[in-house]
Amino acid sequence: MTEKAAKTIRRPRTEMPVQPPLVRIQNYLEVALGYSEEDALTEASRCLQCKKPSCRQGCPVEIDIKGFIGQLQKGDVPGAYKVLREYNSLPSVCGRVCPQENQCEGMCVMGKNPEKTGGPVAIGRLERFVADTFAKRLAGGDAACQQITGEAACRMTRDDLTVACVGAGPSSLTVAGYLASLGIKVTVFEALHEVGGVLIYGIPEFRLPKDIVRREVDAMRELGVEFRTNWVGGKSFTVKELMEEQGFKAVFLGVGAGLPQFMHIPGENDIGVFSANEYLTRANLGRAYDFPNHDTPTFKAEEVCVVGGGNVAMDAARTALRLGAKKVSIVYRRTKAEMPARAEELEHAIEEGVKLELLSAPIALNADEGRRLVGMTAQQMKLGEPDASGRRRPEPIEGATREIPCQLVIIAVGTRPNPILLEATQGLALTKRGYIEANPETGETSIHNVFAGGDIVTGAATVISAMGAGRRAAKEIAKRLLGTEL
Amino acid sequence: MKYRILKKTVLIPGQTSLLVIDAPHVAKKAKPGNFVILRTSEKGERIPLTIADCDPEAGTITIVFLVVGKTTAEMNTFEEGQSLHDVCGPLGRPTHIEKQGTVICVGGGTGVAAMHHIAKGHAAIGNHVVAIVGARNKDLLLFCNELGSFCPEVLIATDDGSMGHHGFVTDVLKERLEQDKDVSEVVAVGPVPMMEAVSKVTKPFGVKTTVSLNAIMVDGIGMCGACRCTVGGETKFACVDGPEFDGHKVDFGELRLRLGQFRDQEKQSMELFQHKCHCAEGK
Ligand SMILES: Cc1cc2nc3c(=O)[nH]c(=O)nc-3n(C[C@H](O)[C@H](O)[C@H](O)COP(=O)(O)OP(=O)(O)OC[C@H]3O[C@@H](n4cnc5c(N)ncnc54)[C@H](O)[C@@H]3O)c2cc1C
Ligand code: FES
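Everything numeric in this text was worked out from a predicted model, so none of it was measured. (Residues numbered from 1 in each chain as written. Chains lettered and ligands numbered in written order. Predicted model: local features only at pLDDT ≥ 70, side-chain atom pairs only at ≥ 80, totals over all residues. Heavy atoms only, no water.)

Colleague: Describe the overall build of chain B, and please don't skip the residues or the numbers.
Modeller: Counting secondary structure elements, chain B contains nine helices and 16 strands. Projecting the C-alpha coordinates of chain B onto the three principal axes gives extents of approximately 60 × 40 × 40 Å. Here chain B holds 283 residues, and 58% of them are scored as buried. Counting only contacts in chain B whose residues sit at least 6 apart along the sequence, the fraction spanning at least 24 positions is 65%. Within chain B, one finds 31 positive and 34 negative side-chain charges whose respective centroids are separated by 4 Å. (Helix = DSSP H or I, 4+ residues; strand = E, 2+ residues; numbered from the N terminus. Buried < 20%, exposed > 50% of the residue type's maximum accessible area, 1.4 Å probe, protein only. Contact = heavy atoms within 4.5 Å. Lys, Arg positive; Asp, Glu negative; His and termini not counted. Charge placed at Lys NZ, Arg CZ, Asp CG, Glu CD.)

Colleague: Could you give an account of the confidence of the model for chain B, with specific residues and numbers?
Modeller: Across chain B, the average pLDDT comes to 93, with 98% of residues at 70 or higher. Here the predicted complex carries an ipTM of 0.93, next to a pTM of 0.93. (pLDDT = per-residue confidence, 0-100.)

Colleague: Could you give an account of the packing of aromatic side chains, with specific residues and numbers?
Modeller: Residues and elements named next belong to chain A. A complete count under the given rule lists 10 aromatic pairs over all chains for this structure. Seen from the ring of W231, R228 lies directly overhead, with NZ or CZ sitting 5.2 Å from the centre. One cation-aromatic arrangement involves R322 over F206; the distance from NZ or CZ to the ring centre is 3.9 Å. (Phe/Tyr/Trp six-rings, centres within 6.5 Å; stacked < 30°, edge-to-face > 60°. Lys NZ or Arg CZ within 6 Å of the ring centre and 35° of its normal.)

Colleague: Go over the side chain of Q261 of chain B, please, and point to the residues and values.
Modeller: Residue placement: Q261 of chain B occurs in the loop between α8 (252–259) and α9 (263–280). The class of Q261 of chain B is buried, set by a relative accessible area of 7%. A distance of 3.0 Å separates a polar atom in the side chain of Q261 of chain B from the backbone oxygen of R258 of chain B. Q261 of chain B has contacts with I271, F274, F299 and R372 of chain A together with I216 of chain B, leaving out every residue within four places of it along the chain. (Polar contact = N/O pair within 3.5 Å; in protein donor to acceptor, adjacent residues only side chain to side chain.)

Colleague: Please provide a residue-by-residue account of helix α2 (residues 70–77) of chain B, values included.
Modeller: Think of an α-helix as 3.6 residues a turn; residues three or four steps apart then line up on the same face. α2 of chain B sits mainly inside the fold: seven of its eight residues count as buried. All of the buried residues in α2 of chain B are K70, T71, T72, A73, E74, M75 and N76 of chain B.

Colleague: For the packing of helix α4 (residues 65–73) of chain A against helix α9 (residues 123–138) of chain A, give the residues involved together with the corresponding values.
Modeller: All names here are of chain A. At their nearest, the axes of α4 and α9 sit 11 Å apart, and the two run at 60° to each other. Classified by the interaxial angle, the pair formed by α4 and α9 is oblique. The crossing of α4 and α9 is left-handed. Contacts from I65, F68, I69 and L72 in α4 reach I123, L126, E127, F129 and V130 in α9. (Axes fitted to C-alpha atoms, helices over the stretch in contact; angles between N-to-C directions. Parallel < 35°, antiparallel > 145°, perpendicular 65-115°, else oblique. Left-handed = near helix turned anticlockwise from the far one by under 90°.)

Colleague: Please give an account of the interface of chain A and chain B that cites residues and values.
Modeller: Between chain A and chain B, the contact holds 44 residues from the first and 45 residues from the second. Summed over both sides, the interface between chain A and chain B buries roughly 3,800 Å², with carbon and sulfur atoms accounting for 52% of that surface. Linking chain A with chain B are five salt bridges. Residue R371 of chain A is joined to D251 of chain B by a salt bridge in which the shortest nitrogen-to-oxygen separation is 3.8 Å. Remark: the boundary between chain A and chain B carries 23 residue pairs in polar contact (both at pLDDT 80 or more). Going through the elements one at a time, β5 (259–260), β6 (273–275) and α15 (276–283) of chain A are the ones with two or more residues in the side of chain A that touches chain B. For the side of chain A that touches chain B, the leading source of residues is α15 of chain A, giving four residues. (Buried area = accessible area lost by both parts, 1.4 Å probe. Salt bridge = Lys/Arg side-chain N within 4 Å of Asp/Glu carboxyl O.)

Colleague: Tell me about the site of ligand 1, and please be specific about residues and values.
Modeller: Near ligand 1 lie 36 residues; those nearest to it are V97, S171, E190, R207 and G233 of chain A. In this structure, ligand 1 sits where chains A and B come together, each supplying nearby residues. Take V97 of chain A: an N or O atom from its main chain is 2.5 Å from a nitrogen atom of ligand 1. Here a nitrogen atom of ligand 1 and a backbone polar atom of A191 of chain A are 3.2 Å apart. (Near = heavy atom within 4 Å.)

Colleague: An account of the pairing of strand β12 (residues 183–189) of chain B is needed here, citing residue identities and associated values.
Modeller: All names here are of chain B. In terms of residue burial, β12 counts as a mostly covered element, since six of its seven residues are buried. Here β12 runs beside strand β13 (residues 208–212); their pairing, made up of four bridges, is parallel. Considered in β13, the bridge of A188 is made with V211. In this view, the connection linking β12 to its parallel neighbour β13 by way of helix α6 (residues 192–202) has right-handed handedness. (Pairing = 2+ DSSP bridges. Right-handed = clockwise from strand over helix to strand, strands pointing away.)

Right under this line is the structure:
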């Protein structure tokens, strides 16, 4: 037994098969191909099934990680799925996009001494395997209930209990899925023409295939969730109308933090300068990678600079490569160590040939007489003392600037809350930075029975934290509507 | 959700049509100056079009478009009974309408349609509305009868002199401003050069001038910045801060450049579409 345990421990993390870099930048298909059953069982066997698992504390929704991997060790995929689903309504999404290295995997004991142990258990990859495999097994059957609740039958929909969600990102989808599985009728109002929020318009197909999002949404439809696209909260309707005229018993606001920030430097409105939101929305929501088969065009250039160091910057850079750019550079004012992007995305970007221009901050964008972008002036930076966020503050090195030629600049320096709905909702208390103030335990806002969660409360964060907020709000809504402690 | 075309009127064959669309939730809220974002098909591009009229009771909105690219060309092939794939709105800030005396509304090309909705709003609140409508020749004039039904004055200018003043709307506007010192506002909707010229004419008179910017848009709700324009030295998002701005402060040159960002691809799309149409017709 001891001998077996020692052997198990020494086995390194099971690699995930991926499309080779030079192949994948020629297509828009998913990069990471997922574990085979053998890979998954091998990786699952690395889990020590700790008495007091610390991985769970690293998970924003406290998934019973030990539990689901335990089921997998026994080869019981539906059992593993059921455990996942109890905590997470979009496991196939989270397995792909969560920053596991800062969460569950960051806390895994196997990561403490990686030379000896081979590194943390690949929890995210296992989560993805379980969710994908379960979905494949279900495919074809009428299995919406099972996909959402893990149960074979769902409660009847009660048309007298209605809840509205505004925005159709992961926070709202979680609310909708959870309440629908309890028989509550949910209507989701989304401003865009497609449902999924950032999962559809922001995160590219090559990282999160849209079929996966659609599969989850279809399952919710089967459970009776109604989706109304092209409905803009604050424009096509108000929260007050939803409650007073349309009779919704509760409203959840999950509108994200979609307003792009610019840098306020010269040349920002010149031809060839885009916000990452525009660039990614054209490519993903508009399927501009498939132009002219799809109508939405996008801007193409040989040399591209992406400003920023988060997931959004990585997605924009990798999209630019796939749209034919010869040279793509990420311009970031700190160093690689401070980049907030998921480790895997940064790694994949570098493998694909994305260059890093570190300790560089754009101070001007330069154009020709026709105001077409020709380059960027970047200020050299150095790292100073840590700031409030704990990261070392970048400071300019006097007189040290550099010209970087580029014909396309994509700005990914963060987002702010979109005021459209907020301004149109009287009595809704906002924070100093313009986000919605919500009770951290229930998600309730300053308006009775109006809840909020996700990026519109926290500022740009993660899919899993948006889902966690959705779940907390959904529980409270269910409690109020059904009068039971859940 | 279906956005059925209840009525189609060809205003200028092959060029401009009017559609009355079933979109009750948009009609209920639409005000002069608002626009919608629409798509013709599942693979379509999101394009903004100003609402030319609405009927909240019937649940309909009216849009008028000029064929300039693939989307509008495709839309022009649609007949009554067919549907648009998506209609989202009403978007943008509505026109600021208050009782203020004489308002001159200038419209050029298809812009007359949107101008008509704004003029109607001004007339409804009791302003004296003078409409100035321009086109290349008399066959291309739009909405003159509709405007005549609520505007005490409708002045016309045609480039070839086939009707009304021989020349530009700006000539008529200038003359009017010289004679009438009580004009409180000028509203201009139309091609960029026309709105720019109107703003130039009104400037020396110090008359408040409002223009409606037809920037390129993607989401139309402030999430992408595609529609950004410079107004008074500041960057604004036309979809949420506008689409109407002070004409004396707008950087029209920048707007014109930004409107041309995707010209090559727009041409490619259009050619492909025309080719397909011709093949379908067996030509
Ligand atoms: C490019 C990109 C990459 C990312 N990568 C990752 C990643 O790898 N891992 C990770 O964990 N997180 C990632 N994130 C962050 C993550 O996607 C967000 O934190 C999460 O999606 C927030 O969910 P949400 O439900 O709050 O809102 P969103 O997903 O933003 O959805 C909000 C929805 O509301 C709609 N809406 C807005 N206003 C209105 C209105 N007035 N009326 C109706 N509807 C409205 C929007 O159109 C949108 O569909 C990424 C974000 C971006 C932009
Ligand atoms: S169209 Fe996207 S912000 Fe205006």
